[in-house]
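Notes for the structure review
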Amino acid sequence: MCFAVIDGEDENNLVAKEVKEHPFVEPAYTGREWPLKDVRLLAPMLPGKIVAIGRNYADHVAEVFQQSAEHLPPTLFLKPPTAVVGPGVPIRIPDFATKVEFEGELAIVIAKPCKNVKAEDWKSVVLGYTIVNDVSSRDLQFADGQWARAKGIDTFCPLGPWIETDIDSIDIENLPIKARLTHDGVTSIKQDSNSDQMIMTIPEIIEFITASMTLLPGDVISTGSPAGTEAMVPGDFIEIDIPGIGKLGNPVARA
């Protein structure tokens, strides 16, 4: 197990190059490398905390909460690091969770300790972008009245496939976000949205969060789910696709 840089011009011939240290310094290579197809990708980070923005897309507020975003503005919640799994690892649904849905989201990985970051300085604290599937048990979410159990179950935070560290190469203000669900062998697009539909922008999110809490290297911010979320059941496969960042796919199984 190691940290690696994924390199290559052709997505069909990418290479994983082992680095000597961790992702928070300029990479120094060991000289060992492998074709990406021959390695197993783990979650690219085990964050100390996952800070998530809920209700950040008006259409998602309407579909889940049956209210307008004016009445239910964006809110903040946490997912535990024990919910994190990597690409290809099953999302395991326990018997007590009876309506479990995917939420494909753009995520930010923090590069250094930070507090009270101004919106205009947001890039100075960001290591890169990745994808989160904010798996949510809707029955528990509404029964409990708060979201810790519904969103914090083990395996309910797939993360990956890697961290895109060239942050200027991604137009975060116009970034397509799609989720494809395969059920009974049929694949269909469920989420088909764009980051331009966010209520709070990424600079605003970072300023908002760091006004309240210190973020540490490796912490992950999940920026909210667009509409199109739907129940998953064991035997399904869910893939989140964000161009320029990658695809995060996970099977669904019974716990």
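Residues numbered from 1 in each chain as written. Predicted model: local features only at pLDDT ≥ 70, side-chain atom pairs only at ≥ 80, totals over all residues. Heavy atoms only, no water.

An unreviewed UniProt entry lists the protein under the name 2-keto-4-pentenoate hydratase/2-oxohepta-3-ene-1,7-dioic acid hydratase, with Corynebacterium testudinoris given as the organism. What UniProt records for the protein under Sequence similarities (unreviewed entry) is the sentence "Belongs to the FAH family." (UniProt positions renumbered as here; feature names shortened; annotations may be inferred.)

What about helix α4 (residues 202-210)?
Of all the residues in α4, the buried ones are Ile-202, Pro-203, Ile-205, Ile-206, Ile-209 and Thr-210. Here the buried residues of α4 occupy an arc of 160° about the axis, which is enough to place them on one side. Taken together, the buried residues of α4 touch β4 (50-54), β5 (75-79), β9 (104-110), β10 (126-133) and β15 (220-222). (Buried < 20%, exposed > 50% of the residue type's maximum accessible area, 1.4 Å probe, protein only. Helix = DSSP H or I, 4+ residues; strand = E, 2+ residues; numbered from the N terminus. Arc of directions from axis to C-beta. Contact = heavy atoms within 4.5 Å.)

Re empty space enclosed by the protein
Counted according to the given criterion, the structure contains 1 cavity of 30 Å³ or more. Counted as a void, the largest cavity has a volume near 80 Å³. For the largest cavity, the lining is made up of 15 residues, of which Gly-54, Arg-55, His-60, Glu-103 and Lys-151 are closest to its centre. Looking at the lining of the largest cavity, the elements with two or more residues in it are β4, α1 (58-65) and α2 (138-144). Among the residues making up the lining of the largest cavity, the classes are represented as 4 nonpolar, 5 polar and 6 charged. (1 Å grid on protein atoms, 1.4 Å probe; cavity = no way out; pocket = protein on both sides within 12 Å on 5 of 7 lines; lining within 4 Å. Points joined across faces, edges and corners; volume = space filled by probe spheres on them. Nonpolar A, V, L, I, M, F, W, Y, C, P; charged D, E, K, R; others polar.)

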